Every structure is written in structure tokens, then in C-alpha cells.
Amino acid sequence: MNSNLAYQEEFREELIGGKVTAMSPRPMYNHNHIAFNIAVLFSNYLRGKACTVIPDGTDLYLTEEDRFVPDVMVVCDRDKIRRDGVHGAPDLVVEVLSPSTMRNDRMGKKEVYQACGVREYWLVDPENRTIEQYLLQDGKLELNMVYASCRDDELERMSEQEKAELETHFQCSLYSDFDIALEDIFSGLLP
């Protein structure tokens, strides 16, 4: 028997605006590594606290027409967590961008997250090593800041003053004492 025939890719899907939308069947290494790094950071920070981190693979039920599978979620109301997934808006959602799903993450899903009351939304770009941090303000997810992590070759070309001005850490708006180093999110990526 040909082992290639025995292997079947599992296609995951989301429901966006009532339409079944295929997700990338197998995200690339950097995508998975970033999502893992973020989940570990939150898991370590949230140990012993009321909120919990939920990594990729868990369904998020928001409306009758919207069921997503975010890369990372933080949920503080544990009554929203059930065996089949999370029912209701998480406090924070992280989507790691893939070329095939980027448009959905930036537009349709962001609008649903906003309408459902997600308090903080991150769009993480593995290629550019950036994090767009959106915060819910007056019912809208507004861009708060874009954080960028420089590659070693980029750092070598910078002056000492430019290096000193780089923002290398940021905070999740949900926790005033949770300092996040960009390097901890983007470490271990393949070129």
C-alpha cells in the first residue's frame, strides 16, 4: 500500500458570516511556533489566576453564523468554556497571520470580535515579525500600537541611538504587571 495514499490531510474550517471557510490545513512552522510561544507566556503568567489561556484547536462560538478557531484565546469567565469549545467572547484573541487567511483575520473576523466584545485583539505577522494590538474602545477595536521585532541583520545596520529607541517589550492591556518581550514571541523562528 502506498503510504502517500494512506495519508489524508485534515482540513479545518470556520464559519464566518454563515459561510463555511476552509482554514490552512497545516500552518507553517513559524506560525505554529509563534502561537505556541504566546500560549506558553500566558500559561505561565496566568498560573493560579482566574483567567485561562486556550491554545489553537478549540472552537469559539460567537454567533449563530460565526464559529472560529483562534490561534490563542484568554478567557476569564470560565462559564464560557464547555467540552465542545468556548461559547461567548474571550477577553483576548490572538490570530497569527497566514497568507491564505489574512483577509478574514483583518476584516470579517475582526468585525465579529468587535461586535461580540473581545477586549483585546492581536494580529501577529510571522514574516514581518510584528504584532498589531487592538483594544476595544467605545465598542470598536482600535489599533493601539504596532510592535516590531528586528532580525539580527537589521540590528547590525542600526545606530546605537536607533537601537536604544526600539520598543522591545509591551503589555497586554488586561494585566498591568504582565511585561511581554517581543523576543519571547519571535524567538526560534526559521529564516
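None of the values given here were measured: they were computed from a predicted structure.

A.B. asks: Please set out unusual backbone geometry residue by residue, giving values where relevant.
C.D. replies: The backbone of Arg129 sits at a positive phi, close to 55°, despite the residue not being glycine. Position of Arg129 relative to the elements: it lies in the loop between strand S10 (120-125) and strand S11 (130-137). Residue Arg129 is classed as buried on the basis of its relative accessible area, which comes to 12%. At Asp138, a position not held by glycine, the phi torsion is positive, near 55°.

A.B. asks: Go over the environment of Tyr121, please, and point to the residues and values.
C.D. replies: Turning to its location among the elements, Tyr121 is positioned in strand S10. Taking the C-alpha atoms as reference points, Tyr121 and Glu95, 26 residues apart in sequence, are found 7.9 Å from one another. Apart from residues lying up to four places away in sequence, Tyr121 is in contact with Val93, Glu95, Asp105, Lys110, Tyr113, Glu132, Gln133, Tyr134 and Leu141. Polar side-chain contacts of Tyr121 include one of 2.7 Å to the backbone oxygen of Asp105.

A.B. asks: Residues and numbers for the confidence of the model for the chain, please.
C.D. replies: Looking at the chain as a whole, the pLDDT averages 90, with 90% of positions reaching at least 70. Across residues 1-9, where pLDDT falls below 50, the model places four contacts with residues more than four positions away in sequence or in other chains.

A.B. asks: Hey, could you go over the pairing of S11 for me, with residue numbers and the actual values?
C.D. replies: Of all eight residues that make up S11, six are buried, and the element is covered over most of its length. In this structure, the hairpin formed by S10 and S11 is closed by a connection of four residues, where Arg129 is found at a positive phi of approximately 55°. Sheet analysis places S11 next to strand S12 (residues 140-148), joined by eight bridges and oriented antiparallel. For Gln133, the partnering residue across the bridge sits in S12 and is Met145. Here S11 hands over to S12 after two residues, with Asp138 in that stretch at a positive phi of 55°.

Quick notes on the rules
Residues numbered from 1 in each chain as written. Predicted model: local features only at pLDDT ≥ 70, side-chain atom pairs only at ≥ 80, totals over all residues. Heavy atoms only, no water. Helix = DSSP H or I, 4+ residues; strand = E, 2+ residues; numbered from the N terminus. Buried < 20%, exposed > 50% of the residue type's maximum accessible area, 1.4 Å probe, protein only. Contact = heavy atoms within 4.5 Å. Polar contact = N/O pair within 3.5 Å; in protein donor to acceptor, adjacent residues only side chain to side chain. pLDDT = per-residue confidence, 0-100. Pairing = 2+ DSSP bridges.

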